[in-house]
Amino acid sequence: MVKVNYEAIVEELMDLKGFDTLMSIQKEALDKNIMDPETNMVIISPTASGKTFAAELSIFGHLKNGGKVMYLVPQTALIEDKLRDFEYLKGMGYQVSKRGGDSSDADLLITTFESFYRGAIRSLDFFKRFGLVVIDEFHLLYDQNRGFTLEKAIVLIKEWNPKIICLSATFKRVEDISGWLRAEVVETNERPVPVHENILDLTGSSLGYAKKELSKAIYEKVGTPCLIFCATVPHTRSRAEELAKFLRDKGKGVPIIDVHTQEEKINLIDEIKDQMLSKLHRDTLTPSEEDLASCMAQGVAFHNSHLSSEIKTWIEELFIDGRLNYLFSTTTLAYGFNSPTKTVVLADVKRGSPTRATPIPVYEYMQCMGRAGRSKKWGNEAYSLVVARSEEQKRYITEKYHAHDLEEASSHISYDDYARKSIMELIYSGGFTQPKDIIRFYDNTLFAHQYDIAEQTLTDFDLEDWLTGHINWLKKHDFVSQVGNKYSLTDFGEMVVEFLFKTYRSYQLDSFRRINEYLNHLKKNEKGELRPKGEYIYHLIKIMDELTLSRIPKQKSDEVENFFTKHGIHPGNDEYSYYVIVKGWMGNMELSEIENRFYVYASPIPNFARELADVLELFKEMAREKEFNVSPEFEDFKTSVKDGVPLFATDIVKIRGIGRSKAGKLTEQLSNTLAGRKEPLKTKYKQDRVLKVLKEALENEGEEEVRKIISHVSGFGNQLTTKIIERIRGNEEEKEVLDFKKIGG
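The rules behind these values
Residues numbered from 1 in each chain as written. Predicted model: local features only at pLDDT ≥ 70, side-chain atom pairs only at ≥ 80, totals over all residues. Heavy atoms only, no water. Helix = DSSP H or I, 4+ residues; strand = E, 2+ residues; numbered from the N terminus. Rg over C-alpha atoms; globule rule 2.2 N^0.38 Å. Buried < 20%, exposed > 50% of the residue type's maximum accessible area, 1.4 Å probe, protein only. Salt bridge = Lys/Arg side-chain N within 4 Å of Asp/Glu carboxyl O. Contact = heavy atoms within 4.5 Å. Phe/Tyr/Trp six-rings, centres within 6.5 Å; stacked < 30°, edge-to-face > 60°. Lys NZ or Arg CZ within 6 Å of the ring centre and 35° of its normal. Pairing = 2+ DSSP bridges. Axes fitted to C-alpha atoms, helices over the stretch in contact; angles between N-to-C directions.

A few words on the overall build of the chain. Counting its secondary structure elements, the chain contains 33 helices and 19 strands. For 745 residues, the compact-globule estimate of 2.2 N^0.38 gives 27 Å, and the C-alpha radius of gyration of the chain, at 29 Å, lies within 12% of that figure. By its C-alpha atoms, the chain is 90 × 80 × 55 Å across when sized along the principal axes. For the chain, buried positions account for 53% of its 745 residues.

Here's what the structure looks like:
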């Protein structure tokens with residue numbers, strides 16, 4: 001590397017960014033040698049206080065000195081934000097990239113914690129060219145799932161000893177982190193836009209818990225745009241609906257669409273619904289989506305896991321663009337959501353059931369609070385309010401939240417399931433296959449560092465014995481094998497690791513152990529044959545605790561209840577999930593009908609179905625490893641699950657341009673008696689697939705007639721019809737048999 005004048009670098013970057021002076025946090029970072037290529041640093045300061053530019057100074061200097069930089073963020077959405085922030089580097093000839101696999105020449109690589117970790121486990125050498133690593137949103141070490149991944153990622157980063165800069169809005173016991181990373185600390189509480197913290201007092205109300213009182217308080221005392229965080233998913237919707245009703249009754253709602261005429265006002269909700277349908281690429285909305293459209297007509301929305309990703313993204317865009325005045329969300333939006341929020345309201349102090357409710361942590365409150373004041377659009381006006389429903393809650397808010405009495409961050413890698421997963425991943429990498437290698441990795445964790453600090457209070461803890469206990473569990477359940485002094489993953493263990501990497505889900509290892517046992521049971525009782533059967537779906541949903549749909553509270557479907565009662569089963573979420581997928585989704589039922597008929601939130605079903613199809617693929621591969629005879633028909637079974645069509649339509653959805661809706665319409669066309677015909681084509685030709693029926697028609701009635709049959713179906717133009725006919729002419733024989741009757745066994 002060529003030696004660079006860092007003072008000149010700082011001046012050059014300030015000119016590029018249009019900054020006249022440095023903020024205090026940036027000056028302190030420079031004083032503590034942030035430009036030095038070997039000085040690690042942890043910068044802790046509130047949102048918009050200048051910590052990112054402090055890191056940017058080091059990034060710019062490192063690039064000017066011929067080095068390469070990796071920038072880690074927690075979410076994919078933040079990658080696009082950072083690409084925009086670093087756009088000026090492209091103009092200077094630097095390559096800025098967001099894809100690790102396609103970025104061998106990148107000067108600045110922007111990626112997520114998880115993407116880096118998965119890439120580094122497979123090929124650590126690829127990343128060793130990055131001499132500076134910046135870790136944004138470092139406070140996510142507090143979060144159980146993402147903190148686990150981040151800690152593992154940092155240990156791998158330490159393997160090649162680059163310079164590390166960590167950026168965090170909050171942190172307690174920063175000395176733990178500075179000691180772990182051997183880093184300088186720069187810390188401030190200064191905010192460019194101060195957030196005024198207060199209490200939204202509902203203690204004097206006879207309806208302290210009522211949504212009406214909350215709506216009234218929000219309308220009268222809260223400035224917009226306002227982001228309201230709720231402890232539960234149902235509360236985001238019910239409170240949004242109540243506020244929308246309150247605004248509608250008062251005539252104070254401001255719709256997301258500009259309304260100029262009486263006719264536009266009358267058609268307002270229909271126009272919002274049309275926009276929603278265009279985002280979803282569907283013909284109908286679920287009841288939940290219809291209710292959301294009604295809220296949006298008043299400038300209110302809810303954002304939760306019961307909505308599709310397309311709708312959630314649209315809601316975020318509307319709020320950022322100033323089209324929504326009130327947005328109700330769970331605390332997931334407290335991380336990485338950059339918006340011009342004027343006021344944040346934390347509507348609950350506790351989460352969980354009434355008998356087991358626990359306080360929302362202070363670090364989470366501070367993340368919520370940090371969404372306010374991120375834009376100077378409102379000058380120095382930024383507010384954070386916490387709803388208090390009792391004197392006890394008022395004291396807690398004052399003593400904990402407003403005092404910023406943060407909890408201490410601790411390692412999550414020591415939890416049994418996390419520890420075992422990390423051991424498997426290390427063995428999978430090929431670089432940590434002996435006991436000494438795994439011990440070396442764990443010696444570099446925050447977990448080990450915090451134990452070293454607290455050593456005087458601990459007794460009888462031995463890292464090697466602790467790791468051996470977990471490895472013995474993995475060996476006992478066939479995830480890991482050992483030959484001499486070397487560990488390796490079994491075929492089963494390798495499939496599990498690759499599945500977890502593929503899905504980015506936090507399934508418990510015990511769930512995979514139970515799938516393995518279920519397959520052993522099937523091998524013994526079904527003579528080692530695996531063919532399409534609905535009971536597999538039922539048992540996999542029962543086994544995978546994380547794989548379930550959410551029911552609408554206080555509602556029961558007589559159809560579902562009666563079905564399972566006849567089988568001697570008391571139906572819960574798992575049973576409803578199974579029935580909805582098999583009877584509704586795979587039957588090509590509209591999502592709106594599914595929600596109305598079975599009382600399950602339907603918007604997440606497409607994502608749920610893709611996840612279930614992934615689990616079925618793993619199930620199939622595990623069966624093959626056990627030498628099952630896997631029917632070739634199983635592939636169409638997975639397609640039926642993933643795409644939500646009957647087996648009859650699984651061949652047609654494999655044609656590009658034909659999705660669930662079009663497949664359903666064409667299926668209906670072939671199943672009905674058309675004008676001038678005595679019976680449906682499906683009955684006449686007695687075939688079990690759409691393309692097979694059409695192939696018979698093509699051979700017996702000619703291309704012109706087949707084109708006429710298809711062209712009468714909405715959405716099938718000449719080009720798509722031609723594509724179908726071309727596929728038919730090359731179609732091979734297939735056969736599927738599916739039995740949904742049996743759910744026991």
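What follows covers the pattern of salt bridges. Using the criterion set out here, one finds 61 salt bridges in the structure. The partner of E114 in a salt bridge is R118, and the shortest N-O contact between them spans 3.9 Å. In this pair, E114 and R118 are both assigned in helix α6 (residues 113-122), four residues apart and thus about one turn of the helix distant. We note a salt bridge from K216 to E220, for which the minimum N-O separation is 3.3 Å. Of this pair, K216 and E220 both sit in helix α9 (residues 211-221), four residues apart, roughly one helical turn.

Right, let's get into helix α23 (residues 534-543). Extensive coverage of α23 is indicated by the burial of nine of its 10 residues. Within α23 the residues assigned to the buried category are G534, E535, Y536, I537, Y538, H539, L540, I541 and I543. Packing partners of the buried residues in α23 comprise α22 (509-525), β18 (529-530), α24 (558-566), α25 (573-585), α27 (605-625) and α28 (634-643).

Bringing the packing of aromatic side chains into the picture now. Following the criterion strictly, the structure yields 39 aromatic pairs and no others. Between the aromatic rings of Y71 and F86, the centroid separation amounts to 5.7 Å while the plane-to-plane angle is 65 degrees, which identifies the pairing as edge-to-face. Of the two residues, Y71 sits in strand β2 (residues 69-73) while F86 sits in the loop between α4 (76-85) and α5 (87-91), which places them 15 residues apart along the sequence. Pair check on accessibility: Y71 and F86 agree, each one buried. When the ring of Y428 is compared with that of F501, the centres are 5.9 Å apart and the planes differ by 85 degrees; the resulting orientation is edge-to-face. Residue Y428 is found in helix α17 (residues 416-429), and its partner F501 is found in helix α21 (residues 491-503); the two are separated by 73 residues along the sequence. Given a relative accessible area of 3%, F501 falls into the buried group. Here the aromatic cluster, defined as three or more aromatic residues joined through ring pairs, consists of F432, F441, Y442, F447, Y451 and W466. Over the face of the ring belonging to Y504 we find R118, whose NZ or CZ atom lies 4.3 Å from the ring centre. We note R551 situated over the ring of Y576; from NZ or CZ to the ring centre the distance is 3.9 Å.

Strand order in this open sheet of seven strands is β3-β4-β2-β5-β6-β1-β7, and the pairing throughout is parallel. Looking along the sheet, the strands with just one partner apiece sit at the ends: β3 (96-97) and β7 (183-187). Where β2 meets strand β4 (residues 108-112), five bridges bridge the pair, whose relative direction is parallel. Bridged to Y71 within β4 is I110. Of the strands in this sheet, β2, β3 and β4 touch α4, which is tilted by about 155 degrees from β4.

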